[in-house]
Amino acid sequence: MALLISLEHLSKTYKMGDIEVHALQSVDLTVEKGEFVAIMGMSGSGKSTLMNIIGCLDLPSSGSYNFLSRRVDTCTRKELAELRNSQIGFVFQNFSLLSRTTALENVELPMLYNRDKKAGSLPALAKAALEKVGLGERMHHLPNQLSGGQQQRVAIARALVNDPPLILADEPTGALDTRTSEEVMELFTSLHKSGKTIILVTHEMEIAQYARRLITMRDGCILSDEPVGKK
Amino acid sequence: MRFSQLFKSAVKSILRNRVRSFLTTLGIIIGVASVIVMVSIGKGAQNDIQNQIKSMGTNIIMIMPGSQNTRGSSMGAGSRQSLTLKDAELIQQVETVIAVSPVTRMSGQLVSGNGNWQTSMYGVTPEYLIIREWSVETGEMFTQKDVQGSSKVIVIGKTIAEELFPGQDPVGKSIRFGKVPLKIVGVLAAKGQNAMGQDQDDIVLAPVKTVLNRMNRVRHIQQIMASASTMNDITKASEEIECMLRNSHGITADDDNDFQIRTQSDIMTRATETARTMTLLLSAIAGVSLLVGGIGIMNIMLVSVTERTREIGIRMAIGARESDILMQFLIEAVVLSSMGGIIGVGISMGIVWAMTALFGLKTSVDLLTIGLALLFSAVVGIFFGFYPAGKAARLNPIEALRYE
Ligand SMILES: Nc1ncnc2c1ncn2[C@@H]1O[C@H](COP(=O)(O)OP(=O)(O)O)[C@@H](O)[C@H]1O
Ligand SMILES: [Mg+2]
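Starting from 1, residues in each chain are numbered consecutively following that chain's sequence as written. Key to labels: chains lettered from A, ligands numbered from 1, both in the order written. Per-residue local features are limited, in this predicted model, to residues with pLDDT of at least 70; the limit for side-chain atom pairs, both in listing and counting, is 80 or more; totals at the level of whole chains, interfaces and linings are taken over all residues. To obtain the side-chain values, all non-hydrogen atoms of the structure were used and water was disregarded.

Participant: Please set out the overall build of chain A residue by residue, giving values where relevant.
Facilitator: Strands are runs of DSSP state E lasting at least two residues, helices are runs of H or I lasting at least four, and both sets are numbered from the N terminus onward. Looking only at helices and strands, chain A has seven helices and 10 strands in total. Only the C-alpha atoms count toward the radius of gyration. The rule for a globule is 2.2 Å times the residue count to the power 0.38. In terms of overall size, chain A behaves like a compact globule, its C-alpha atoms giving a radius of gyration of 17 Å where 231 residues would be expected to give roughly 17 Å. Oriented by its inertia axes, the alpha-carbon framework of chain A measures out at about 50 × 40 × 40 Å. The buried label goes to any residue with under 20% of its type's maximum accessible area, the exposed label to any with over 50%, and the partly exposed label to all in between, with areas taken from a 1.4 Å probe on protein chains only. Among the 231 residues that make up chain A, the fraction classed as buried is 55%. In chain A, of all internal contacts separated by at least 6 residues, the share reaching a separation of at least 24 is 68%. Only carbon and sulfur atoms are counted for the fraction: they give 49% of the accessible area of chain A, which is about 10,200 Å². Positive charges are assigned to Lys and Arg, negative charges to Asp and Glu, while His and the chain termini are left out of the count. Throughout, a charge is located at the NZ atom of Lys, the CZ atom of Arg, the CG atom of Asp or the CD atom of Glu. Put simply, chain A has 26 plus and 27 minus side-chain charges, and the middle of one group is 5 Å from the middle of the other. When checking whether two residues touch, look at their non-hydrogen atoms; a contact exists if any pair is within 4.5 Å. Surface accessibility follows the Shrake-Rupley procedure with a 1.4 Å probe radius. Residue values consider only the protein chains on display as shielding.

What follows is the structure, given as structure tokens:
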């Protein structure tokens, strides 16, 4: 399988006044195309920091990050934005939809920032993405007219719409009840089956069981990395 | 992001906060409206002054006595009595001059069988009508012969005809000016009010010699008016007149003129310049309010950027470049200020219309002013939108996402 992500001696240090917080300490990690990875660990162990760096939202303090054989840690802000737009779909715990903007318009948004997309094709593509997550009926609803599970599915449709190879999800079920969590995880599973690489952060072993590989973190280091999965 | 998309989302977010957007643009609205109103009033006044000067006649050259110096203090233009009828005759010889008339003015009371009327009498020659471009409606203008013979004839203005001879033809009627009996030979065509609101039809024209010889009060002429044949001849004609008068008044090369020459174009230039300075001053003051309006926009845009930090974070997370965010807020600021500009133009048109319709103020709105005001309001938007938009664009995506 082809290599998608490769981290070497990756560290991230936050400076808060005199105190240095070592959020990541010399992390080495490779992820291949088509993998389904779950990351677990206590609060404050550096999971989100790692996801943000993999997601090109942030740059490491030291170490190297290669994404699709491309050096990311030396990218400009513009190049990072373009990577986020076309290569990565991000799903957040709190859905992060634009309020007072319909589901359809939210899903269209990543395509508006994509120079390769033709304006005329946007509504149709957004509609197709919403139908894929089972929300074809609620395209014109505003986020506050949707349930949490539905909002998260809109966010997943938004992450999918530019057809990126990598989907990142930082505690995507953290704000959902068990049943909707299961629905959302079924969705990730089918995305994985369709060939997407998925990395997700979770607190619950139940959720991690949907993945094929489980990484455990503690104090900014990778504690264990093992195969997982019953489904 | 495409411009049409940016524009659409800018309008959307402006309409989302209607009241705030309106209050934000109020400064621009007031600024643009006052600039246009000020310029319109200024331009109106300028046109008015020009028309007024034009209505004096065509290509006019005015010769007035010089100022008299008594013990070192000037008594002002016209205080000398240096002009004579002979000067007027001399000026007639200037080739580029087509008409000349001495002018002497006195006020007094007209007495007819029907009543009295306080008015001004001008002692002139028949050529005065050519210079002023006036015409006689009924009867005739008195002749050069009447001037030479100091005939007791007059031509009256329309107002006097209507006041003293209502419903009658005044031509041929007798009348007195003070104690002197006169015969009316003609009535001038109505000219209406001049720009200052003076009635130009409340006037009596009499042969200049009649006024000088028979009225017992005025002994000298106050002014000589001449008309050059074309506009280009004005300068040449006035130079020749100056030369001629210096000779005839026996003024040596070292001495100053004992008369003054003013041309219509001199007066026009001076008056127009004054009006333009006023317009400039007024619009500069109004322009300051546009700047203040711009600062208001910057203020609200900064608030808006802070309020929408999370939105900016989300947009960045899904791939918005710095330039996309910059353009988004910049276009919002420009749309905001341009909307203010458009509303301001609308309001200014209303005010200008009301001033003209209700108070009879002379105004002149031109498209250039409106265009410039709109352009300027857009520029204000760009200028004052740039700082907040830049601030938004430079946000760190993660910090913006985490902002509550
Ligand atoms: N922007 C920041 N500034 C300072 N410290 C931070 C920042 N972000 C995260 N940290 C710290 O880095 C560590 C790892 O945080 P994070 O990656 O969010 O952990 P997790 O997602 O596993 O709960 C924590 O100790 C946290 O306090
Ligand atoms: Mg976290």
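So, next bit.
Participant: Quick one: what's the story with the packing of aromatic side chains, residue by residue and with numbers?
Facilitator: When the centres of two rings from Phe, Tyr and Trp lie within 6.5 Å, Trp using its six-membered ring, the rings pair. Their planes under 30 degrees apart give stacked, over 60 give edge-to-face, and anything left gives tilted. The full count for this structure, using the stated rule, is five aromatic pairs over all chains. Where Tyr65 of chain A meets Phe67 of chain A, the ring centres are 6.4 Å apart and the plane angle is 65°; that geometry is what we call edge-to-face. Of the two residues, Tyr65 of chain A and Phe67 of chain A, neither departs from the other in class, the shared state being buried. Residues Tyr128 of chain B and Trp134 of chain B carry aromatic rings whose centres are separated by 5.8 Å and whose planes lie at 85° to one another, so their mutual orientation is edge-to-face. Neither Tyr128 of chain B nor Trp134 of chain B differs from the other in exposure class; each is buried. A cation over an aromatic ring shows up here: Lys191 of chain B above the ring of Trp134 of chain B, its NZ or CZ 4.3 Å from the ring centre. Put simply, a charge is over a ring when the Lys NZ or the Arg CZ is close to the ring centre, within 6 Å, and near the line of the ring normal, within 35 degrees.

Participant: Describe a nonpolar patch on the surface, and please don't skip the residues or the numbers.
Facilitator: All names here are of chain B. Nonpolar side chains collect at one region of the surface, where Val19, Phe22, Leu23, Ile343, Ile347 and Ile351 lie side by side and expose about 530 Å² of accessible area between them. For the nonpolar patch, the secondary-structure elements that each account for two or more residues are helix H2 (18–54) and helix H11 (322–359). With respect to the helices and strands, Ile347 occurs in helix H11. Only residues whose relative accessible area exceeds 30% and that take part in no salt bridge are eligible for patches, with like-charged residues grouped when within 9 Å of each other and nonpolar side chains (Val, Leu, Ile, Met, Phe, Trp, Tyr) grouped when within 5 Å. Salt bridge, as used here: a side-chain nitrogen of Lys or Arg that lies within 4 Å of a carboxyl oxygen of Asp or Glu.

Participant: Describe the pairing of strand S3 (residues 36–41) of chain A, and please don't skip the residues or the numbers.
Facilitator: All names here are of chain A. Burial runs high along S3: six of the six residues are buried. Burial of S3 is two-sided: the residues Phe36, Ala38 and Met40 facing one way and the residues Val37, Ile39 and Gly41 facing the other way are all buried. Pairing between strands requires that DSSP locate at least two bridges from one strand to the other. Two strands pair when backbone bridges link them, and S3 and strand S8 (residues 197–201) are joined in this way by four bridges, in the parallel orientation. By the bridge assignment, Phe36 is partnered in S8 with Ile198. Relative to strand S9 (residues 213–218), S3 runs parallel, the two sharing five bridges. What sits directly across from Gly41, in S9, is Met217.

Purely spatial values, then, with no claim about function.
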